[in-house]
Amino acid sequence: MRKHVMMTLLDTEQSYVESLRTLIQGYMRPLKQPDGGSIVDPLLVDEMFYQIPEILDHHEQFLEQVAGCLGQWHDRQTIGHILIQSFSKETLANMYSAYIDNFLNAKDAVRIAKEAKPAFHKFLEQNMRENKEKQALGDLMIKPVQRIPRYELLVKDLLKHTSEDHPDHSLLLDAQRDIKRLAEKINKGRRSAEEAEREARVIQEIEAHIEGVEHILNPQRKFLRQEIVMEAKMVGGKKDRSLFLFSDLIICTTLKRKSGSLRRSSMSLYSAASVIDTSSKYKFLWKLPLEDVEVVKSSAQATNKESIQKLISRLDEDLSTLGQISKLSETLSFPHQSLDEVIKDLMASVHKELSEKQSLAFSMTFLPTKLEFTTTSAESTFVFEFSSPDARSSFEQAFEEAKKKLAMNKDQWDPEFLKAIPIMKTRSGMQFSCASPSHSCPDSGCEVWVCNSDGYVGQVCLLNIKDEPTVEACIAVCSARIICIAAVPGLKGRDRGSEPFPNLGTLGPAQQQLHISISPSNLELTTQPTGPGAELVPFDSDDTDDEDSPSPSSTLQSQASRSTISSSYCNDEGPSSKDMATETTSSEEEQEFPAASSYSAPGMLGVGGGGRTNTESPMDGRAMRRSSRGSFTRASLEDLLSIDPEAYQSSVWLGTEDGCIHVYQSSDNIRNRKNSMKMQHSASILCILYLDNKVFVSLTNGEVVVYQREAGSFWDPQSSQILILGTPSSPVTKMVPVGGKLWCGSLNRVLIINTSTLVQEHWFQVGTDSSRCVTCMVSYGQGVWLALQGSAQVRLYHAQSWESLTEVDVAPAVHKMLAGADAIIRQHKAACLRITALLACKDLLWIGTSAGVVLTLAIPAVRSGTGAETLKSPLVPMGSAHGHTGHVRFLTSIELPEGFDVNFPPAATDSTGNQSQSSGVIDKNSQRRDSTHRRASAHIPAKTNHLVISGGDGYEDFRLTNSSETVGRDDSTNHLLLWRV
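Thresholds applied
Residues numbered from 1 in each chain as written. Predicted model: local features only at pLDDT ≥ 70, side-chain atom pairs only at ≥ 80, totals over all residues. Heavy atoms only, no water. Helix = DSSP H or I, 4+ residues; strand = E, 2+ residues; numbered from the N terminus. Areas by Shrake-Rupley, 256 points an atom, 1.4 Å probe, with all protein chains shown as cover. Pairing = 2+ DSSP bridges. Patch = residues over 30% accessible without salt bridge, like charges linked within 9 Å, V, L, I, M, F, W, Y side chains within 5 Å. Salt bridge = Lys/Arg side-chain N within 4 Å of Asp/Glu carboxyl O. Lys, Arg positive; Asp, Glu negative; His and termini not counted. Charge placed at Lys NZ, Arg CZ, Asp CG, Glu CD. Buried < 20%, exposed > 50% of the residue type's maximum accessible area, 1.4 Å probe, protein only. Core = buried A, V, L, I, M, F, W, Y, C linked by side-chain atoms within 4.5 Å. Contact = heavy atoms within 4.5 Å. Axes fitted to C-alpha atoms, helices over the stretch in contact; angles between N-to-C directions. Polar contact = N/O pair within 3.5 Å; in protein donor to acceptor, adjacent residues only side chain to side chain. Parallel < 35°, antiparallel > 145°, perpendicular 65-115°, else oblique. Left-handed = near helix turned anticlockwise from the far one by under 90°. Nonpolar A, V, L, I, M, F, W, Y, C, P; charged D, E, K, R; others polar. Phe/Tyr/Trp six-rings, centres within 6.5 Å; stacked < 30°, edge-to-face > 60°. Disulfide = S-S within 2.5 Å. pLDDT = per-residue confidence, 0-100.

Visitor: Would you take a moment to explain the overall build of the chain for this structure?
Guide: In terms of regular secondary structure, the chain is built from 17 helices and 45 strands. Carbon and sulfur atoms provide 50% of the accessible area of the chain, an area that totals close to 44,700 Å².

Visitor: It is not clear to me how the sheet that holds strand β2 (residues 223-232) should be interpreted in this structure. Could you clarify?
Guide: Through backbone hydrogen bonds, the strands of a sheet pair up, either in parallel or in antiparallel fashion. Taken together, the 8 strands give an open sheet; going across it, the order is β1-β5-β4-β3-β2-β8-β7-β6, and neighbouring strands pair in mixed fashion. What marks the edges here is a single partner per strand, and that holds for β1 (210-211) and β6 (293-295). Inspection of the sheet shows strand β4 (residues 249-256) paired to strand β5 (residues 281-289) by 8 bridges, in the antiparallel sense. Each bridged residue has a counterpart across the sheet, and for C252 the counterpart in β5 is W286.

Visitor: For this particular structure, what's the right way to read a negative patch on the surface?
Guide: A surface patch of negative charge is lined by E330, D340, E341 and D345. It is helix α11 (residues 337-363) that provides the largest number of residues to the negative patch, a total of 3 residues. Locating E330 in the fold gives a position in helix α10 (residues 298-330). The exposure class of E330 is exposed, given its relative accessible area of 59%.

Visitor: What should I look at first to understand the nonpolar core in this one?
Guide: Here is a general trend for soluble globular proteins: nonpolar side chains tend to be buried in one another's company. With 61 residues, the main nonpolar core has M48, F49, F87 and F120 as its most contacted residues. Residues in contact with F87, not counting those within four places in the same chain, are F62, L92, I148, Y151, D178, I179 and L182. Judged by nonpolar contacts, the second largest core, of 30 residues, contains C776, W785, A811 and L818.

Visitor: Which parts of the structure should I look at to understand the sheet that holds strand β10 (residues 431-437)?
Guide: With antiparallel pairing, the 4 strands of this open sheet are ordered in space as β10-β11-β12-β13. One side of each edge strand has no neighbouring strand; the edge strands of this open sheet are β10 and β13 (470-478). Each strand of the sheet is rotated relative to its neighbour by a mean of 25 degrees, with strand direction disregarded. As paired elements, strand β11 (residues 447-453) and strand β12 (residues 458-464) share 7 bridges and run antiparallel to each other. Residue E447 lies in a different strand from β12, and its bridge partner there is N464.

Visitor: Explanation requested: the side chain of E385 in the structure shown.
Guide: Assignment of secondary structure puts E385 in strand β8 (residues 381-385). On the basis of relative accessibility, which here comes to 19%, the residue E385 falls in the buried class. A distance of 2.8 Å separates the side chain of E385 from the side chain of K238, its partner in a polar contact.

Visitor: Before we go on, may I ask you to explain unusual backbone geometry in this structure?
Guide: Excluding glycine, a negative phi dihedral is what most residues carry, and trans is how most peptide bonds are arranged. You will see that D692, though not glycine, has its phi angle at about 55 degrees, which is positive. For D692, the position within the fold is in the loop between β25 (685-691) and β26 (694-699). On the basis of relative accessibility, which here comes to 40%, the residue D692 falls in the partly exposed class. Its identity as a non-glycine residue notwithstanding, W802 has a phi of 60 degrees, on the positive side. The topology assignment puts W802 in the loop between β35 (793-798) and β36 (804-809).

Visitor: In this structure, what is going on with the packing of helix α5 (residues 90-116) against helix α8 (residues 143-160)? I would like to understand it.
Guide: Helix packing for two helices is described by the angle between their axes and how far apart those axes are. Relative to each other, α5 and α8 sit at 135 degrees, their axes nearing to 9 Å. Comparing their axes, α8 and α5 come out oblique. As for the relative orientation of α5 and α8, their crossing is left-handed in sense. Facing α5, whose interface residues are Y96, Y99, I100 and F103, α8 presents P144, V145, R147 and I148. Residue classes in the contact of α5 with α8 are distributed as 7 nonpolar, no polar and 1 charged.

Visitor: Hey, could you run me through the pattern of salt bridges in this one?
Guide: A pair can form between side chains of opposite charge whenever their charged atoms are brought close. What the rule picks out here adds up to 21 salt bridges. Close ionic contact of R177 with D178 constitutes a salt bridge, the shortest N to O distance being 3.4 Å. Owing to a relative accessible area of 40%, R177 belongs among the partly exposed residues under this scheme. Among the residues examined, D178 registers a relative accessible area of 7% and is labelled buried.

Visitor: Where do I start with the packing of aromatic side chains in this structure?
Guide: Each pair of aromatic rings is reported with the distance of its centres and the angle of its planes. For the structure on display, the rule yields 20 aromatic pairs. When the ring of F417 is compared with that of W979, the centres are 5.6 Å apart and the planes differ by 70 degrees; the resulting orientation is edge-to-face. One end of the pair, F417, is in strand β9 (residues 416-423); the other, W979, is in strand β45 (residues 974-980), and 562 residues separate them in sequence. Residue F417 is classed as buried on the basis of its relative accessible area, which comes to 6%. Chaining the aromatic ring pairs together yields one cluster made of W286, F373, F382, F384, F386, F395 and F399.

Visitor: How do you make sense of the state of the cysteines when you look at a structure like this?
Guide: Here a disulfide denotes a covalent bond joining the sulfur atom of one cysteine to the sulfur atom of another. According to the stated counting rule, one finds 0 disulfides in the structure shown. Of the cysteine sulfurs around C687, a residue in no disulfide, the closest is that of C484, at 6.1 Å.

Visitor: What is the right way to read the pairing of β5 from this model?
Guide: Side-chain direction in a regular strand flips from residue to residue, so the side chains alternate between the two faces of the sheet. For β5, the buried fraction is high: 7 of the 9 residues fall into the buried class. Strand direction decides the pairing type here: β1 and β5, joined by 2 bridges, are parallel. Across the sheet, E211 pairs through a bridge with K283, a residue of β5.

Visitor: Would you mind showing me how to read the pairing of strand β27 (residues 703-708) here?
Guide: Most of β27 is tucked away: 5 of the 6 residues are buried. Following β26, the chain reverses through 3 residues before pairing antiparallel with β27; G702 in that reversal takes a positive phi of roughly 95 degrees.

Visitor: Help me understand the packing of helix α1 (residues 2-32) against helix α3 (residues 52-71), please; the structure alone is not making it clear to me.
Guide: Where α1 contacts α3, the axes come no closer than 9 Å and their chain directions differ by 150 degrees. Put simply, α1 runs roughly antiparallel to α3. Crossing geometry of α1 relative to α3 is assigned as left-handed. For the contact of α1 with α3, the residue count by class is 19 nonpolar, 2 polar and 4 charged.

Visitor: Would you explain the environment of L875 in this entry?
Guide: With respect to the helices and strands, the residue L875 is situated in the loop between β39 (854-858) and β40 (878-879). Given a relative accessible area of 15%, L875 falls into the buried group. It is 8.8 Å that separates the C-alpha atoms of L875 and E807, two residues lying 68 residues apart in sequence. Apart from residues lying up to four places away in sequence, L875 is in contact with W785, T806, V808, L857, A858 and P860.

Visitor: Sorry, what's going on with the confidence of the model for the chain here?
Guide: Caution applies to low-pLDDT parts of the model: their predicted coordinates are not meant to be read in detail. On average, residues of the chain score 74 in pLDDT, and 71% of them reach the 70 mark or higher. Per-residue pLDDT stays below 50 along residues 260-271; that stretch engages in 32 contacts with residues further than four places along the chain or on separate chains. Within the model, pLDDT remains below 50 along residues 494-631, and this stretch shows 271 contacts once partners closer than five positions in the same chain are excluded.

In structure tokens, the structure reads:
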């Protein structure tokens, strides 16, 4: 019986593959021929057969494997392993999801082609007669939609005829699970995409029916209901109004109950006629975010009415008093015309105010059909009368539920979008690759180093966060693509086994200074003149640039041949700073390694032995020393004689495609295109990570090079170890520190390395597809998040037990954000969707995607005892309205220090706002307070201030529709996007 079921599988698979071949060979290829353009538009052909070639390739391979299995059939033959291999691949799920998401559009394309050209209709009829099974194009196109569930039935039949002790039984159970998961994922994706598209099109239709409103489309926004009401006006009686309630917004319009020509949306798949009254005309009055609107409850209404009655009584008293004043003024003999005019104007104002309050008091005699809204700032109040008590109650309930859901969602997505910064390309083809904040934070501003390349030139753009964030410079640093970047901190006091040496403060005018100049030939002692103007000045560097240097990456040979030490001694110690251990000025030298360091330990010992004793205050003395690379450091003489000052400087390491690491001190010398150190390797650099006073560098040949920093010295390129953790076909693609250990991703495995012994302690597998490698990995608390190559799923693992806790599919959230995009662009992005960047910051997991959408996910608490069954679920990612047109290339963050101010000038115009004379204060207030429309902040608080930065291709506001003038304007320009968290 098992063989009989297998024969059925083979027959059905052959029939399915034949149908797919008919679609390609009988329809797609003829229509794609040069003369096919006379039959149908080539763009419609692409839409009709979207993903069919990819699906055919997969099933041809599967058919070949099934046929081979049957050709060698015996009683203990297994088929489960073939099913697992074929149906556990995420690429298959992505292909089918993309095809099914596009299926309605494909059918629509066939219909349009038939209507446009009769020749296409004849072509379809002829092909149907010629194919073996006489199936129409529509019958063939539906087959991929129906195919996956049939595999479930066939596997179920196989299990029914497979005993539990058969070697295929457990494999079939796994295959059944994989196929079921695939079917669920496809169905979920289809429902999510259809729902998002329906919502987007309904909102676009509503926008088209309301005169004067624009850009209300938002991927996070859903239309809830429309209500025809009467507004009770203080003056002028009642007015017809229409209320449009959305998940985060309420819009009020005028209402004219007559038919007429209206603006219509170009999209016709879904119609607004099913959800709103399209027979009436609407004109925009005002809109308010739900978070700014409250329903006035009955107790509040009573209090409000009582206060209005008191105000009416006071106004009556004022009128009476003004009447008495008017009578008294008549008794004056002195001319009093001006006084009479003032009294008259004042009485008119009081009459007007009294009339308004009396009308308001009358309108507040509430019937069960009336509902009052007020803004949170109490600037405005509205009273609406509904058609029935049930309509009023239903609307109020929907309003309160929407506000509650909105508050819950805001807990998950609360970063404030600040700014989009375009980076103009100095060469065509430049793309971002990586970025990192430098550890140094000079007075001029905190810097983020952003790397971009075109394959021939590696460039670093310096983003200065001081004041208004700007890109200060874009500097070519090498002739290769920059793959990775890492900020490496300098030594701290505890790293050298003693307290950090004190900093030299401001020297007093009476302090005497001793200068010691050490050269290979002699030792010179000089006394610095004293006086009011005396101060410590570093020796001028002897370094010069090589004028014949052909490129910024060329090695500049140092001409410095000596170290220079400047020492001072005094009775009174100057003020010191606890925040800075050394003061250093960078030189412009570059050294290439492997080579011996010019810093000479024996020479330093000789200097120490030859120095004269300071009997006044030897320990309180300060010195200035120029290091082997020309930088100057001030500290105690004892410390300078034992410590390489450059060890205290932070540095930035750049890894390139040609196997070179460029090391820069985190200072201004990169602006002069000089790096402190350059190390060449035998393979491309994939990843650089600093951990436990070591720098780990992974190469494409499978090696991990470990550089160490000896106590009191700068990084020694000759002091390194090589770990063989992979092979050229399975190198370490990602490294992260987790609980003091080093986690390395190699293919779909994670290796856990002890950083002290440099020994692998454990490894585990991620997923079942060994062809996919770990491309993104971040740790947060006791959880580690990672994504595999080409995957749209992010997985969470426990840092201690290595247990897989959960898996989150970002596709539904991305589909929601793309719902308003052009159909072809949306389909392409959905088909190629994958995670391209991860960042964990402030309890949020940031997810960058190939579709340009930036998502956030509230990170659940992971404790030592947390397991898959105890983790809070489901985890739902939320999308930002601001993203990129193309891939998100990197995500990074920078924490600004206390007292560090960043200013963002307010945007001139809110792209989602609507200025209207009828909107008045209400619409302006909505622009100011609507959190979904925030474009800039006037000032960022200095304390605990994190900025998240996304770099990618182009900039896109997903709230705008295709018809917006700004769409496509920034597609080709690289952009940095900044959020505050």
